[in-house]
Amino acid sequence: MSDARTVWGFGLTTIAGDGTVLDAWYPEVRTGDAAAGDVDRGAFESLVGPDERRNVTVETVQLQVDLDQAPTSTADAYLRLHALSHLVVRPNELNLDGIFAHLPTVAWTNAGPILPADAARLRPALQRAGIQVQGLDKFPRLTDYVQPSGVRIADASRVRLGAHLSPGTTVMHEGFVNFNAGTLGASMVEGRISQGVVVGDGSDIGGGSSIMGTLSGGGTHRVSIGARTLLGANAGIGISLGDDCIVEAGLYVTAGTKVVLADGPATPDGGRKTVKGAELSGQDGLLFRRNSLSGAVEAVRRAGVGVTLNEALHA
């Protein structure tokens, strides 16, 4: 990842018949000043022009943005999402304030984006042309714009453009990765990585598990997961986990969850100290479990590696 705070790209943008900018594709995102870069514009000449089937026009676009400033246009928003997915910048290290206002809801098809109203109006002609609507959303699939190196994605519809997937990451069929979220190393993703969440190298997000993001609920804490940590199947967290942690299957730990420090010093009444989950956020080497007799959520200190991934699956 570069420390440069300015990025630029040259690519193609799709504009609907009513003038709405639907998307922008940048095959490469570079840091620094665009004036110092070379672009083979001739390679794009055959790709520009009208597509009457979708009532759109494809044009070239070149843009340079300051990552510390908020997005100002659709092309700007797409350049930032590309910068994340090209691993030029990590999640939460760029300004995305107001990005939704610059991303129109689009009918995504196997032939490219269409204005939803045009998709409905042109439906018979689109069907004859073999063009199918695959979704209605502000964000496209990652793989329609970026092919991340060294990554496996079983179901492309479950990873949005703007996801940051490091080489060695495997996203299984039920895994989901939102924009401005992802992995910082080789990881197994069988659960949900919400917006703003980052997962460290060697960690495993178990099947059906969930990690709270910041898009809804009013929360401001950016949840992160450290290295070699296991989030068990159907488990969930609203706090950060450090390195070498384990959350047992089916257990959900939030900032307000009452957690018993099972191996801590005894209290005057012979019990164990109880704290809120937020007080344990980000600590290394913790096992979170539910006591099978009392039902209490417990945390105990543990030594050693939290999880070891199958090297053959993440080579």
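Residues numbered from 1 in each chain as written. Predicted model: local features only at pLDDT ≥ 70, side-chain atom pairs only at ≥ 80, totals over all residues. Heavy atoms only, no water.

A. Examining the overall build of the protein more closely. From N to C terminus, the protein includes 4 helices and 27 strands. For the protein, the spread of C-alpha atoms along the three principal axes comes to 75 × 45 × 40 Å. A sequence separation of at least 24 residues applies to 49% of the contacts in the protein between residues at least 6 apart. Put simply, the protein shows about 14,400 Å² of open surface, and 49% of that area lies on carbon and sulfur atoms. (Helix = DSSP H or I, 4+ residues; strand = E, 2+ residues; numbered from the N terminus. Contact = heavy atoms within 4.5 Å. Areas by Shrake-Rupley, 256 points an atom, 1.4 Å probe, with all protein chains shown as cover.)

B. Spotlight on the packing of aromatic side chains. On inspection of all chains with the given rule, the structure shows 7 aromatic pairs. Judged by centre distance (6.0 Å) and plane angle (45 degrees), the rings of Tyr78 and Tyr145 are tilted. Separated by 67 residues along the polypeptide, Tyr78 in helix α1 (residues 74–85) and Tyr145 in the loop between β8 (133–137) and β9 (152–153) bring together distant segments of the chain. Classification of Tyr78 by relative accessible area gives buried; the value is 0%. Among the residues examined, Tyr145 registers a relative accessible area of 10% and is labelled buried. Aromatic ring contacts, followed pair by pair, group Phe10, Trp25 and Phe44 into a single cluster. (Phe/Tyr/Trp six-rings, centres within 6.5 Å; stacked < 30°, edge-to-face > 60°. Buried < 20%, exposed > 50% of the residue type's maximum accessible area, 1.4 Å probe, protein only.)

C. Local environment of the pattern of salt bridges. By the definition in use, this model includes 10 salt bridges. Linking Arg30 and Glu28 is a salt bridge whose minimum nitrogen-to-oxygen distance equals 3.4 Å. Between Arg141 and Asp144 there is a salt bridge, and its shortest N-O distance comes to 3.0 Å. Of the residues examined, Arg141 reaches a relative accessible area of 27% and is grouped as partly exposed. Residue class for Asp144 comes out partly exposed when judged on its relative accessible area of 38%. The network of salt bridges with shared partners includes Asp51, Arg53 and Arg54. (Salt bridge = Lys/Arg side-chain N within 4 Å of Asp/Glu carboxyl O.)

D. Inspection of the environment of Thr60 at higher detail. Here Thr60 shows up in strand β5 (residues 56–66). When sequence neighbours within four positions are dropped, the list of residues in contact with Thr60 reads Phe10, Gly11, Leu12, Thr13, Phe44 and Val48.

E. Spatial organisation of the sheet that holds strand β21 (residues 236–237). With respect to topology, 5 strands assemble into an open sheet ordered β12-β15-β18-β21-β23, the strand pairing being parallel. Each edge of the open sheet carries a strand with a single partner, namely β12 (176–177) and β23 (252–253). (Pairing = 2+ DSSP bridges.)

F. Structural view of the nonpolar core. Ile193, Ile211 and Phe288 are the most contacted members of the largest nonpolar core, which has 63 residues in total. Put simply, the parts of the chain that give this core at least two residues each are β1 (6–16), β2 (21–25), β5, α1, β6 (106–109), β26 (286–290) and β27 (297–301). Among the elements that take part in this core, α1 stands out by supplying 7 residues, more than any other. For Phe288, the contacting residues outside a window of four places in its chain are Ile239, Leu241, Ile246, Val247, Glu248, Leu251, Val253, Val259, Leu280, Glu298 and Ala299. Counting 6 residues, the second-largest nonpolar core is a separate cluster that includes Ile114, Ala119, Leu122 and Ile131. (Core = buried A, V, L, I, M, F, W, Y, C linked by side-chain atoms within 4.5 Å.)

G. Quick peek at α1. Compared with an ideal rise of 1.5 Å per residue, which puts 12 residues at 16 Å, α1 spans 17 Å between its outermost C-alpha atoms and is within 8% of the ideal. Most of α1 sits inside the fold, with 12 of its 12 residues counted as buried. For α1, the full list of buried residues reads Thr74, Ala75, Asp76, Ala77, Tyr78, Leu79, Arg80, Leu81, His82, Ala83, Leu84 and Ser85. Its buried side turned inward, α1 meets β1, β2, β3 (29–31), β5, β6 and β10 (163–164). Phi for Leu87, located one or two positions after α1, is positive at around 65 degrees. (Expected span 1.5 Å × (residues − 1).)

H. Local environment of the pairing of β6. Burial of the side chains of β6 extends over both faces: Val106 and Trp108 are buried on one face and Ala107 and Thr109 on the other. Both β6 and β8 contribute to a ladder of 4 bridges, which runs antiparallel. Residue Trp108 lies in a different strand from β8, and its bridge partner there is Gly135. Bridge analysis of β6 against strand β7 (residues 112–114) gives 3 bridges, and the strand direction is antiparallel. Paired with Ala107 across the strands is Ile114, a residue of β7.

I. A look at the sheet that holds β7. Taken together, 3 strands build an open sheet; the order of strands is β7-β6-β8 and the sheet is antiparallel. Since the sheet does not close on itself, it has two edges, and those belong to β7 and β8, each with one partner. Between one strand axis and the next, the sheet turns by 30 degrees as a mean value, whatever way the strands run. (Axes fitted to C-alpha atoms, helices over the stretch in contact; angles between N-to-C directions.)

J. Broad picture of the side chain of Gln195. Residue position: Gln195 is located in the loop between β15 (192–193) and β16 (198–199). The exposure class of Gln195 is buried, given its relative accessible area of 5%. There is a polar contact of 3.5 Å between the side chain of Gln195 and the side chain of Arg222. (Polar contact = N/O pair within 3.5 Å; in protein donor to acceptor, adjacent residues only side chain to side chain.)

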